[in-house]
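# A structural walkthrough
Read off the chains here:
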Amino acid sequence: MAPTDATTETDVLVIGGGPGGYVAAIRAAQHDLDVTLVEADAYGGTCLNDGCIPSKAFITAADVAHDAANAAEMGIHADPTVDMAALAAWKDGVVDQLTGGVEKLCKANGVGLIEGTATFEDDHTARIAHDGADRETEFVAFEACIVATGSRPIEIPGFSFADDHVWSSKDALAAETVPEELVVVGAGYIGMELSTMFTKIGADVTVVEMLDSALPAYDDDITRIVRSRAADLGVDFRFGEGASEWHEAGGGIEVVTETADGETAAYDADKVLVAVGRQPVTDTLGLDAIELTPDDNGFLATDDRARTDLDHVYAVGDVAGEPMLAHKASAEGVVAAEAIAGESAALDHRAIPAAVFTDPEIGTVGLTESEAVEAGYDPIVGEMPMRASGRALTMNESAGFVRLVGDGDTGALLGGQVVAPEASELIAEIGVAIELGATVDEVADTIHTHPTLSEATMEAAENAM
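Read on for a plain summary of the structure. Small disclaimer: the values here were computed from a predicted structure and weren't measured.

The rules behind the values
Residues numbered from 1 in each chain as written. Predicted model: local features only at pLDDT ≥ 70, side-chain atom pairs only at ≥ 80, totals over all residues. Heavy atoms only, no water. Helix = DSSP H or I, 4+ residues; strand = E, 2+ residues; numbered from the N terminus. Buried < 20%, exposed > 50% of the residue type's maximum accessible area, 1.4 Å probe, protein only. Contact = heavy atoms within 4.5 Å. Areas by Shrake-Rupley, 256 points an atom, 1.4 Å probe, with all protein chains shown as cover. Core = buried A, V, L, I, M, F, W, Y, C linked by side-chain atoms within 4.5 Å. Salt bridge = Lys/Arg side-chain N within 4 Å of Asp/Glu carboxyl O. Pairing = 2+ DSSP bridges. Right-handed = clockwise from strand over helix to strand, strands pointing away. Expected span 1.5 Å × (residues − 1). 1 Å grid on protein atoms, 1.4 Å probe; cavity = no way out; pocket = protein on both sides within 12 Å on 5 of 7 lines; lining within 4 Å. Points joined across faces, edges and corners; volume = space filled by probe spheres on them. Polar contact = N/O pair within 3.5 Å; in protein donor to acceptor, adjacent residues only side chain to side chain. Patch = residues over 30% accessible without salt bridge, like charges linked within 9 Å, V, L, I, M, F, W, Y side chains within 5 Å. Lys, Arg positive; Asp, Glu negative; His and termini not counted. Charge placed at Lys NZ, Arg CZ, Asp CG, Glu CD. Nonpolar A, V, L, I, M, F, W, Y, C, P; charged D, E, K, R; others polar.

### Digging into the overall build of the chain
Each helix and strand in the chain was counted, giving 13 helices and 22 strands. Taking the principal axes of the C-alpha coordinates as reference, the chain spans close to 75 × 65 × 45 Å. Looking at the chain residue by residue over its 465 residues, the buried ones come to 50%. Sequence-distant contacts, at least 24 apart, represent 62% of the contacts inside the chain between residues at least 6 apart. Summed over its atoms, the accessible surface of the chain is roughly 21000 Å², and 47% of this surface lies on carbon and sulfur atoms.

### Looking at the nonpolar core
Residues Met 192, Met 197, Phe 198, Val 205, Leu 215 and Ile 362 are the most contacted members of the largest nonpolar core, which totals 38 residues. Ranked by residues supplied to this core, first place goes to helix 6 (residues 189-200) with five residues. What Val 205 contacts, discounting residues up to four positions off in sequence, is Leu 182, Val 184, Ser 195, Phe 198, Thr 199, Gly 234, Val 235 and Asp 236.

### Considerations on the pattern of salt bridges
Under the criterion given, the structure shown has 16 salt bridges. Between Arg 229 and Asp 359 there is a salt bridge whose closest N-O contact spans 2.5 Å. On the criterion of sequence distance, the pair formed by Arg 229 in helix 7 (residues 220-233) and Asp 359 in the loop between strand 18 (354-356) and strand 19 (361-366) is long-range, its members being 130 residues apart. The burial state of Arg 229 is the same as that of Asp 359; both residues are buried. Residue Glu 332 is joined to Lys 328 by a salt bridge in which the shortest nitrogen-to-oxygen separation is 3.3 Å. Of the two residues, Glu 332 and Lys 328 are both situated in helix 8 (residues 326-340); the distance of four residues between them amounts to about one turn of the helix. For Glu 332, a relative accessible area of 2% translates into the label buried.

### Focus: the pairing of strand 1 (residues 6-15)
Looking at chain direction, strand 1 and strand 6 (residues 138-147) are connected through nine bridges and run parallel. The partner of Leu 13 across the bridge, within strand 6, is Cys 145. Bridging between strand 1 and strand 2 (residues 35-39) involves four bridges; their strand directions are parallel. Residue pairing for strand 2: Val 14 is matched across the bridge by Leu 37. Chirality of the crossover, the property in question, places the unit of strand 1, helix 1 (residues 21-30) and strand 2 among those that are right-handed.

### As for helix 4 (residues 84-108)
With 25 residues, helix 4 extends 36 Å between its outermost C-alpha atoms, agreeing within 8% with the 36 Å of an ideal straight helix rising 1.5 Å per residue. Residues Met 84, Leu 87, Ala 88, Lys 91, Val 95, Thr 99, Val 102 and Cys 106 constitute the buried set of helix 4. If you follow the buried residues of helix 4, they end up packed against helix 1, strand 2, helix 2 (45-50), helix 3 (52-69), strand 3 (112-115) and helix 6. Gly 110 sits one or two residues past helix 4 and shows a positive phi near 85°.

### Notes on empty space enclosed by the protein
According to the stated counting rule, one finds one cavity of 30 Å³ or more in the structure shown. Roughly 40 Å³ of internal volume is contained in the largest cavity. Lining the largest cavity we find Pro 153, Ser 168, Ser 169, Ile 190, Val 274, Ala 275, Val 276 and Gly 277.

### So, the environment of Asp 270
Residue placement: Asp 270 occurs in the loop between strand 14 (264-269) and strand 15 (271-274). With a relative accessible area of 26%, Asp 270 lands in the partly exposed category. At a separation of 3.1 Å, a polar atom in the side chain of Asp 270 contacts the main-chain amide nitrogen of Glu 180.

### Re a negative patch on the surface
There is a patch of like negative charges on the surface, built from Asp 441, Glu 442, Asp 445, Glu 459 and Glu 462. Of all elements in the fold, only helix 12 (440-445) and helix 13 (455-464) reach the threshold of two or more residues within the negative patch. With respect to the helices, strands and loops of the structure, Glu 462 is situated in helix 13. Residue class for Glu 462 comes out partly exposed when judged on its relative accessible area of 39%.

### Notes on the layout of surface pockets
Of the pockets and cavities examined, the second largest pocket occupies roughly 710 Å³. Every residue lining the second largest pocket is counted, 28 residues in all, and those nearest its centre are Asp 63, Asp 67, Lys 200, Asp 359 and Glu 397. Elements that contribute at least two residues to the lining of the second largest pocket include exactly helix 3, helix 6 and helix 11 (423-435). Of all the elements, helix 3 adds the most residues to the lining of the second largest pocket, at eight residues. For the lining of the second largest pocket, a count of residues per class yields ten nonpolar, seven polar and eleven charged.

Structure, rendered in structure tokens:
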């Protein structure tokens, strides 16, 4: 580097200010390390700005409107309208509050903040590029580095996010109007969440999926309930079809699909939302400069302390592989920071919960019954249907169940699957029980408040016994 270039020296450089990066930066600073956090876009990362938080804000609002319009059975009659611009403004306020809080937390803990894109120059130096700013070249010299650059939506051939008619999930969550007709490409968790949400606020939604079912990562008895509810709401599923092209037609567009046998179909739309997954952002890092090679999917391999093949370079969150979840990123960020600080922290991925905010929600943690068998257990399984839950019936929500999987020999709780209202909350108790090594009978013996949805967990445990 030239002698006139600005250089910052730091103990720990964190690249990326999402749930993995900012948590890692704060924890490292709490260990009295000098920490510099570089963020290319917005503090809080995809989760707070363009993913978890805005989507749940929209989903909550859509549920309010839908529930109010469909409460005649309770004697409530309403015909709500959705002011999408006002809803978007409310959502933006929630996002701004949280992202502003992240920045304040970092500063309060002494984390140095730099806005820009970091690229490795060598094993202990990164170059910082400042977009749109007329500033001298800036470098950061570091002892240790935590890569937390997250992920981005995957584009598919012929569907560029640069086109106004083609939405990524980020574009959909910035919408200020509701499209009359929406084609969603992909029936994974993002596609299912957003297609359900847009249907509830008035869009005619068609979901195109090359596979033969929605949510392929989950067991059929779970996805069948969610898929059936979405269809009842009006979502039109087209399985076994892949989006091949689109073109303008009339005042909107036409999306063309093709089956494996070469048969084609076309669907009218105002927008097409491509939600086929996400890919890690490792291509901006200049990894060749430090001789670090991602795998074929772009992920960086790490050990149980979040270290890459370079002992002083760590990777957390989406860049470190599946599951690509914000809370997993934060947990890894804590471990990486403590490892750098000389602590004995290590990762234990046996009890990472996952949730899908569909209708009803899905929550899972630990092993399924089939996974338990594959792992060599002789599992016991207990299930409680929500149609037998007093609280679920008072909520007019009777679809779904709570299922627990235990070890038939020791009784240890191995996993849980929930498809039910508030499944994202219910799964936490099961995760805690697994993490603490609880047995199925200990869960059954724990007195639960009545009437609550969580009683279904106790009942499932009793059923397993």
